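Each chain, letter by letter, is given below.
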Amino acid sequence: MFWKREAAVVAAALAGVAAGAIKAAQAGDLQACCVDLEERIAELEATTAHKGNRKLELNISGQVNEGILFWDDGRESNASVVTNESSRTRLRVEGAAKISSDWKAGYRIEIGVRAANSKRFTQDKPQEGAGIDLRHSYWYIDSKTYGRLTLGHTGGAGEGVTEINLAQSKSAAKYSDMEDLGLGLAMRLSNGLYSNGSGTTTSGAFTWRRLIRDSGVQPGEGRRADIIKYETPEWNGFTLIANWGEDDFWETGIGYKGKVGGFKIAAGIAYGESSEIKTATSTVGIDCMAQNAQGIPPGSGRDAHCQQWGGSISIMHEASGLYANFAAGKTHDDLIRRSGPTFSNADPDSSFWAVEGGLERALLSDVSPAFGKTTLFGQYYDLDGGASARSTFDGDAILGTGLTSYGGGIVQGIVDKEIQLYALARHYRGSVTTTAGSPDMKPLDIFMAGAIVRF
Amino acid sequence: MTSVFKKSVAPLAVMAALGAGAAISGPAAAADLGGDCCADLEERIAELEATAARKGNRKVSLTVSGWVNEMVMFWDDGTESNTYVGTNGLEQSRVKFSGKAKIDKDWSAGYTIELGVKGGDSGAFAQDDTGSANSISVRKSYWYLKSESLGQVSVGQNGTSTYHLLDDVNGFSNLRNYSDAEAAAVALGSFELRDNNGNTVGGLLWKDALRGFNNSTPGQSGRRNVVRYDTPEFAGFSASASWGEDDMWDTSLSYVNKALGDFGVAAQVGYGESSDPGATKCGSNALKCTWWGAAGTIIHNPTGLFVYGGYGSQELEDLPVAVSEATSDFWIIQGGIVQKWMPLGKTTIFGEFRHDDAGSNLGKTESADIDYWAAGVVQNIDAAAMDVYLIYRNASGDVVEDGAATATKLDDFDLIQLGARIQF
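Residues numbered from 1 in each chain as written. Chains lettered and ligands numbered in written order. Predicted model: local features only at pLDDT ≥ 70, side-chain atom pairs only at ≥ 80, totals over all residues. Heavy atoms only, no water.

Asks: Before we go on, may I ask you to explain the overall build of chain A in this structure?
Replies: In terms of regular secondary structure, chain A is built from one helix and 19 strands. Counting over 455 residues, chain A shows a buried share of 51%. Entry remark: accessible area of chain A is about 19100 Å², with carbon and sulfur atoms responsible for 58%. (Helix = DSSP H or I, 4+ residues; strand = E, 2+ residues; numbered from the N terminus. Buried < 20%, exposed > 50% of the residue type's maximum accessible area, 1.4 Å probe, protein only. Areas by Shrake-Rupley, 256 points an atom, 1.4 Å probe, with all protein chains shown as cover.)

Written as structure tokens, this is what we have:
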């Protein structure tokens, strides 16, 4: 039939036109697409940094955390720009490579930066403690089945175990680490003078951080050190950790991260022991207060020995953003009472507890989508410090210390959590019990405002 | 006329057209060139644009590389033993920033900044010290101008021409970074010497008894602030000369041929002088020192059997006082096999012996004779650019203390290193 033949011709013609049109359109689109992609690839080739080989990833990341810290020590007040030690400025390179479906290997090198040190500056030296140092340098081998083995300079089971915090406040002001913000300042006696005969200059004066086990590290908390560390694979949110290193200390701990009902929970607890001798230049995993470098001579058979435990938990109600953190830790020093007759009845234990509560919600999301979460928080900290065989106070042996602190603040996230603005205030009150009594000390107040930018 | 076919053809034509179009584009073309392909590339490029690190300008390249080299070391000095964790000080962990720009067909310019990082420094391990002085240091910082026909000139902190003069030859066996010529001396250098009764020997360290101003290995220099010239390679040969500090200079000649028949061959010889004892650490009272060294290696490529050997010497000159032995020298021989016995990567098994005839260390020693031997295995994990190593070392000998007439026999020192280096 004619119509059938006509229809076939028309269909064929249309098919040809359509095919041509599609081909042309495709070619046109493809050409445009290729030109655009070519330009963008050329731009990347010209402007990007390259890595050393094709096998391992290389990620460069880090953060800058700087702010203005105002302080009032009861006699003098001042303000300076400092690096916030709560989560200080740093630069990190890290990566990994897959060996098989179960195994991979990776590394991290992380360099810490302190333009001015918020936990070391003094009334006379605003730049005290500035510089760069090595935070991490390690490699690891990781199996999904058997866990991860890490070797190098890094933190063990006790590192951060008393500082667990699901809220943004962890980067601005740790609720359990008081040393970080202003405790390099020298303490003032009630008459306004410094201790240890220093009078009106801070050189040699007893500083606030010395209240906390002399080193400033809270009881129960670990440190980064040269260690070998094993971590089990995660099981229902739980991970077991054990590490050993230096000469010698070891730790073991358990961590948890998960959700229960409508709550996010993170928690950890760790125990450690140390017989490590601290020298003038060494970094130790667990810092024992009494040891041969502080009056107990080498070869006396009385190497340093101490034990500690610490833990913390953070719970956040996802729907409301209400959260609470709690931390505690204790360190026992076996040798403190053998450091001399003065210490025969001294307190061998240092312990602390700390709590933080607050609200973390996207309160400003209606103002602009650029705003992330807002965190409002309050903190309380209490230290019952033991005797110190290292430092003296006005020439008298230190038999015990105390430190309490309360404070609060606000953290505002911008661009999710990559930029955070913060402002906070703290009030510190410290005490020292010596063989001569307990002198009255002036309290310390600080206020800090700053920002952390992550890259 | 409005025929019925108009109503019926249109759908047919469209169907035909779609069919033809589909036929033309085809499944393969759709996958390779169609919108999905562009969308995929678009996504991948957008991801790169969002995540790739950028460099300072468009003209000079930037490559970030380096490695992490951490280990566990057990040691036993005959009286005391212990185990430490730390950075392998032989070739410490590091981050390197390097790049170059082409100026024309013949000329290019470039730079290197290399930062060394150490946790516990194994080079500082001692009986009472885990080497825990964490540090970040500038290893290299220099720029260079290079001509393909005339060679390369570099200025800045860099290896001199005799830097790793003996070590760098040991490149075929994958032992260069784990057991080179200076490895034995670096491993125990900061430990105190003990005599056969377990007593320390005048507070001397192994590196006090050994000589060689760079890593206790005569014949080699270190990284210094120098101007360095390297010739282009010619038939496997290249030469180098450097000058700097106040004053030192050295020069070297190298040959490398990876496929000389069934063999790979490499050799290097060099000579240097310094009148700057502070920079070259030849000795606190030395006014001048000279050094030279030579090393070579050969590997049978089909079997992986290799032999490496080297000799180095250092002489103190123009001394204000007479010394027992102004010259210190050492030699090393190493042999083994490197083969890919498993898919994971190549395995190297080796043994080595080193002997030091160390001269005077003013105010500390008159002389020393030290023997080392070592054996070990290095396993490469190719997929992760990683080498795992296990090495045993033993050192023994005797030392004549400053002013002493007789030698003190030293107790053996044993150590085991287990670690890995991962490169990025």
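Asks: Quick question: what am I supposed to make of the overall build of chain B here?
Replies: Scanning chain B from N- to C-terminus turns up five helices and 19 strands. Put simply, chain B has 424 residues, and 51% of those count as buried. Considering only residue pairs separated by 6 or more positions, chain B has 60% of its internal contacts joining residues 24 or more positions apart. Accessible surface computed for chain B: about 17800 Å², of which carbon and sulfur atoms make up 58%. (Contact = heavy atoms within 4.5 Å.)

Asks: What's the story with the state of the cysteines in this structure? I'm lost.
Replies: By definition, a disulfide links two cysteine residues through a covalent bond between their sulfur atoms. Residue and element names in this part refer to chain A. Applying the stated criterion across every chain, the model contains one disulfide over all chains. Each sulfur in the disulfide pair Cys-288 and Cys-306 lies 2.1 Å from the other. Measuring the twist about the S-S bond at about -80 degrees, one finds the Cys-288-Cys-306 disulfide to be left-handed. Linking Cys-288 in the loop between strand E11 (263-274) and strand E12 (306-317) with Cys-306 in strand E12, this pair joins segments that are 18 residues apart in sequence. Across the pair, Cys-306 and Cys-288 agree in class, each one buried. (Disulfide = S-S within 2.5 Å.)

Asks: Can you walk me through the pattern of salt bridges in this structure?
Replies: Residue and element names in this part refer to chain A. Under the criterion given, the structure shown has 47 salt bridges over all chains. Put simply, Arg-188 and Glu-76 hold a salt bridge, and the shortest N to O gap is 3.0 Å. Residue Arg-188 is found in the loop between strand E7 (147-154) and strand E8 (225-231), and its partner Glu-76 is found in the loop between strand E2 (59-72) and strand E3 (77-83); the two are separated by 112 residues along the sequence. Taking the relative accessible area as the measure of exposure, Glu-76 reaches 27% and is therefore partly exposed. (Salt bridge = Lys/Arg side-chain N within 4 Å of Asp/Glu carboxyl O.)

Asks: Sorry if this is basic, but what is going on with the side chain of B:Ser161 here?
Replies: Residues and elements named next belong to chain B. For Ser-161, the position within the fold is in the loop between strand E6 (151-159) and helix H3 (183-188). Residue Ser-161 is classed as buried on the basis of its relative accessible area, which comes to 4%. At 3.2 Å, the side chain of Ser-161 forms a polar contact with the backbone nitrogen of Ala-241. Beyond its immediate stretch of four places on either side in the chain, Ser-161 contacts Arg-228, Ser-240, Ala-241, Ser-242, Asp-250, Thr-251 and Ser-252. (Polar contact = N/O pair within 3.5 Å; in protein donor to acceptor, adjacent residues only side chain to side chain.)

Asks: Looking at this structure, I do not really get the packing of aromatic side chains. What am I missing?
Replies: Here a ring pair, both rings aromatic, is described through the centre-centre distance and the interplanar angle of the planes. Enumeration over the complete set of coordinates arrives at 21 aromatic pairs over all chains. Considering the side-chain rings of A:Phe352 and A:Tyr381, the 5.5 Å spacing of their centres and the 25 degrees angle between planes classify their relative orientation as stacked. Placement of A:Phe352 in strand E14 (residues 349-361) and of A:Tyr381 in strand E15 (residues 371-385) is noted, with a sequence separation of 29 residues between them. Look at A:Phe352 and you get buried, because its relative accessible area is 4%. Through a chain of ring-to-ring contacts, three or more aromatic side chains come together here, namely B:Trp75, B:Tyr84, B:Phe125, B:Phe191, B:Trp206 and B:Phe413. Against the face of A:Tyr140 rests A:Arg148, its NZ or CZ located 3.8 Å from the ring centre. (Phe/Tyr/Trp six-rings, centres within 6.5 Å; stacked < 30°, edge-to-face > 60°. Lys NZ or Arg CZ within 6 Å of the ring centre and 35° of its normal.)

Asks: Where do I start with the side chain of B:Ser252 in this structure?
Replies: Within the secondary structure layout, B:Ser252 lies in strand E11 (residues 248-260). Residues within four places of B:Ser252 in sequence aside, it is in contact with B:Ser161, B:Leu165, B:Ser238, B:Ala239, B:Ser240, B:Val269 and B:Gly270.

Asks: I would appreciate a short explanation of unusual backbone geometry in the present structure.
Replies: Residues apart from glycine generally show negative phi values, whereas peptide bonds are mostly found in trans. Cis geometry is found at the peptide bond from A:Asp247 to A:Asp248, where omega equals -10 degrees. Tracing the backbone shows A:Asp248 in the loop between strand E9 (238-245) and strand E10 (249-260). Cis geometry marks the peptide bond from B:Asp246 to B:Asp247; its omega dihedral reads -10 degrees. Within the secondary structure layout, B:Asp247 lies in the loop between strand E10 (237-244) and E11. Positive phi is not limited to glycine here, since B:Ala385 has a value of about 45 degrees. You can see B:Ala385 is positioned in the loop between strand E17 (365-381) and strand E18 (386-401). Note on B:Ala385: relative accessible area 10%, which makes it buried.

Asks: Got a minute to help me understand a positive patch on the surface in this structure?
Replies: Together, A:Lys170, A:Lys257, A:Lys373 and A:Lys417 make up a positively charged patch on the protein surface. Relative to the assigned elements, A:Lys417 resides in the loop between strand E17 (396-414) and strand E18 (419-434). (Patch = residues over 30% accessible without salt bridge, like charges linked within 9 Å, V, L, I, M, F, W, Y side chains within 5 Å. Lys, Arg positive; Asp, Glu negative; His and termini not counted. Charge placed at Lys NZ, Arg CZ, Asp CG, Glu CD.)

Asks: Which parts of the structure should I look at to understand the confidence of the model for chain A?
Replies: Residues shown with low pLDDT carry predicted positions that ought not to be read at fine detail. Looking at chain A as a whole, its pLDDT mean stands at 90, while 90% of the residues score no less than 70. When mean pLDDT is compared element by element in chain A, E14(A) scores highest at 98, while helix H1 (residues 2-47) of chain A scores lowest at 68. (pLDDT = per-residue confidence, 0-100.)

Asks: Which parts of the structure should I look at to understand a nonpolar patch on the surface?
Replies: Residue and element names in this part refer to chain A. Taken together, the side chains of Trp-235, Phe-238, Leu-240, Trp-250, Ile-254, Ile-269, Tyr-271 and Trp-309 present a nonpolar region at the surface, about 790 Å² in accessible area. Elements with a contribution of two residues or more to the nonpolar patch: E9, E10 and E11. Here Phe-238 is to be found in strand E9.

Asks: What am I meant to see in the environment of B:Gly123 here?
Replies: Residues and elements named next belong to chain B. Along the chain, the position of Gly-123 falls in the loop between strand E4 (107-118) and strand E5 (135-147). The spatial distance from the C-alpha of Gly-123 to the C-alpha of Gly-189 is 6.6 Å, given a sequence separation of 66 residues. Setting aside its immediate chain neighbours within four residues, Gly-123 contacts Gly-89, Val-186 and Ser-190.

Asks: For this particular structure, what's the right way to read the environment of A:Lys119?
Replies: Residue and element names in this part refer to chain A. The topology assignment puts Lys-119 in the loop between strand E5 (103-114) and strand E6 (131-143). Since its relative accessible area comes to 15%, Lys-119 is described here as buried. Lys-119 has contacts with Glu-85, Arg-114, Glu-179, Asp-180, Leu-183, Gly-184 and Arg-209, leaving out every residue within four places of it along the chain.

Asks: Would you explain the pairing of E6(A) in this entry?
Replies: A regular strand places its side chains on the two faces of the sheet in alternate fashion. Residue and element names in this part refer to chain A. The buried fraction of E6 amounts to 10 of the 13 residues, a majority that puts the element mostly inside the structure. One ladder, built from 12 bridges, connects E5 with E6; its direction is antiparallel. Residue Ile-111 lies in a different strand from E6, and its bridge partner there is Leu-134. Pairing between E6 and E7: seven bridges, direction antiparallel. Looking at E7, one finds that Trp-139 is bridged to Leu-151. (Pairing = 2+ DSSP bridges.)

Asks: So what exactly am I meant to see when it comes to the nonpolar core here?
Replies: Residue and element names in this part refer to chain A. By size, the foremost hydrophobic cluster in this structure holds 42 residues, and its most contacted members are Trp-208, Leu-403, Leu-424 and Tyr-428. Among the secondary structure elements, those contributing two or more residues to this core are E2, strand E13 (322-333), E14, E15, E17, E18 and strand E19 (444-454). Top contributing element to this core by residue count: E18, with four residues. Sequence-distant contacts of Leu-403, that is, excluding residues within four places in its chain, are made with Met-178, Leu-183, Trp-208, Leu-211, Ile-212, Tyr-381, Asp-382, Leu-383, Tyr-428, Arg-429 and Gly-430. (Core = buried A, V, L, I, M, F, W, Y, C linked by side-chain atoms within 4.5 Å.)

Asks: What should I look at first to understand the confidence of the model for chain B in this one?
Replies: On average, chain B scores 90 in pLDDT, and the residues at 70 or more come to 89%. Overall fold confidence (pTM) sits at 0.88, and the ipTM for the predicted complex is 0.86.

Asks: Mind showing me how you'd approach the environment of B:Asp40 here?
Replies: Within the fold, B:Asp40 resides in helix H2 (residues 35-51). Taking the C-alpha atoms as reference points, B:Asp40 and B:Ala385, separated by 345 residues in sequence, lie 30 Å from one another.

Asks: I tried to follow the pairing of E5(B) on my own but got confused; where do I start?
Replies: All names here are of chain B. As defined by bridge partners, E4 adjoins E5 across 12 bridges and the pair is classed as antiparallel. Opposite Lys-118, over in E5, you have Ser-135 as the bridge partner. Two elements, E5 and E6, share seven bridges in a ladder whose sense is antiparallel. Each residue of the ladder has a partner; that of Tyr-142, found in E6, is Gly-156.

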